[in-house]
Amino acid sequence: MSKNKINPYLQLLEIPPGHLNTMGYVDESEVNGPGSRAVVWLQGCQRECEQCFNPDSWSFEINQLISVDRLSEKILSNPNNTGVTFSGGEPFWQAPALTEVAKKVKVAGLNVMSFTGFTLERLQSEYAPASSQELIAQLDILIDGAFVPALAVNDPNSLVSSSNQKVHVFNSKLEDKLDWASDQIEIHILKDGNRIITGFRGSLD
Ligand code: SF4
């Protein structure tokens, strides 16, 4: 059993209360959901999918810690962000803190979307990570299901990267805004010189 297969709850206990363990962050993305969005990549995923786009996100060890308040302020400090997307890694392992972030940005008028490797049915079951249903209650859009290479969709107009994944729109106001293409690429040059490449099937490099 790889270290990453250890019960995620044990390693999640190392995250201080009110904080998130993140892998990356970018403002004003147009390829991770409707409109212009902040994107938060969470650290930690136990699935180890074949051809995962972000294998550096698998480890549950502490990467970049940020408090709920600081992350919320960061998202809201950019007036061009009309929403936020949680990606991964697996966002739902950190559902309690993400629920608090979602509440704070929604009060300010932003919409909230999340990717997950779990199915919605699993997240609504007794086997879901803690606070999954509280996070779902805050979401405007959920895209569920892990990437399955054998079911890959190579369509420039597709919202998902493999056909097992489903787009759940909980906010009817966004139903006519499902127009981002999963095959486009953005390159963000950060102030510290680092680069984030995102958008190609939701990848972070
Ligand atoms: S669920 Fe997503 S982040 Fe996790 S291993 Fe699979 S493709 Fe990678």
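Residues numbered from 1 in each chain as written. Predicted model: local features only at pLDDT ≥ 70, side-chain atom pairs only at ≥ 80, totals over all residues. Heavy atoms only, no water.

Checked against the element boundaries, Leu-120 lands in helix α4 (residues 120-123). On the basis of relative accessibility, which here comes to 8%, the residue Leu-120 falls in the buried class. On a C-alpha basis, the gap between Leu-120 and Ala-146 in space is 11 Å, while along the polypeptide they are 26 residues apart. Not counting residues up to four positions away in its chain, the partners in contact with Leu-120 are Ile-136, Leu-142, Asp-144, His-168 and Phe-170. (Helix = DSSP H or I, 4+ residues; strand = E, 2+ residues; numbered from the N terminus. Buried < 20%, exposed > 50% of the residue type's maximum accessible area, 1.4 Å probe, protein only. Contact = heavy atoms within 4.5 Å.)

Because side chains alternate across strand β8 (residues 186-189), one face comprises the buried residues Glu-186 and His-188, and the other comprises Ile-187 and Ile-189, none of which is buried. With four bridges joining them, β8 and strand β9 (residues 195-198) adopt antiparallel strand pairing. If you follow Ile-187 over to β9, its bridge partner there is Ile-197. (Pairing = 2+ DSSP bridges.)

Moving on: the layout of surface pockets. Of the pockets and cavities examined, the second largest pocket occupies roughly 230 Å³. Around the second largest pocket sit 15 residues that line it, and Leu-12, Ile-15, Trp-93, Gln-94 and Pro-96 are the ones nearest its centre. Looking at the lining of the second largest pocket, the elements that each hand over two or more residues are α1 (8-12) and α3 (95-107). Here the residues of the lining of the second largest pocket sort into twelve nonpolar, three polar and no charged. (1 Å grid on protein atoms, 1.4 Å probe; cavity = no way out; pocket = protein on both sides within 12 Å on 5 of 7 lines; lining within 4 Å. Points joined across faces, edges and corners; volume = space filled by probe spheres on them. Nonpolar A, V, L, I, M, F, W, Y, C, P; charged D, E, K, R; others polar.)

Looking at helix α2 (residues 68-76), one finds that the buried residues are Val-68, Leu-71, Ser-72 and Ile-75. Taken end-on, α2 shows its buried residues confined to a sector of 100 degrees, consistent with a single buried face. As for α2, its buried residues are in contact with β1 (19-29), β2 (37-42), β3 (64-67), β4 (83-87) and α3. (Arc of directions from axis to C-beta.)

Near the ligand you find Cys-45, Arg-47, Glu-48, Cys-49, Cys-52, Ser-57, Trp-58 and Gly-89, and these make up its full shell. Judged by the fraction of its atoms near the pocket grid, the ligand is located in the largest cavity. For the shell around the ligand, the per-class residue count stands at four nonpolar, two polar and two charged. (Near = heavy atom within 4 Å. Sits in = over half its atoms within 2 Å of the grid points.)

Before going further, it helps to examine the sheet that holds strand β7 (residues 166-169). If you walk across this open sheet you meet the seven strands as β3-β1-β2-β4-β5-β6-β7, and the pairing is mixed. What marks the edges here is a single partner per strand, and that holds for β3 and β7. Ignoring strand direction, the axes of neighbouring strands in this sheet form an average angle of 30 degrees. The pairing of β4 with strand β5 (residues 111-116) spans four bridges and is parallel. (Axes fitted to C-alpha atoms, helices over the stretch in contact; angles between N-to-C directions.)

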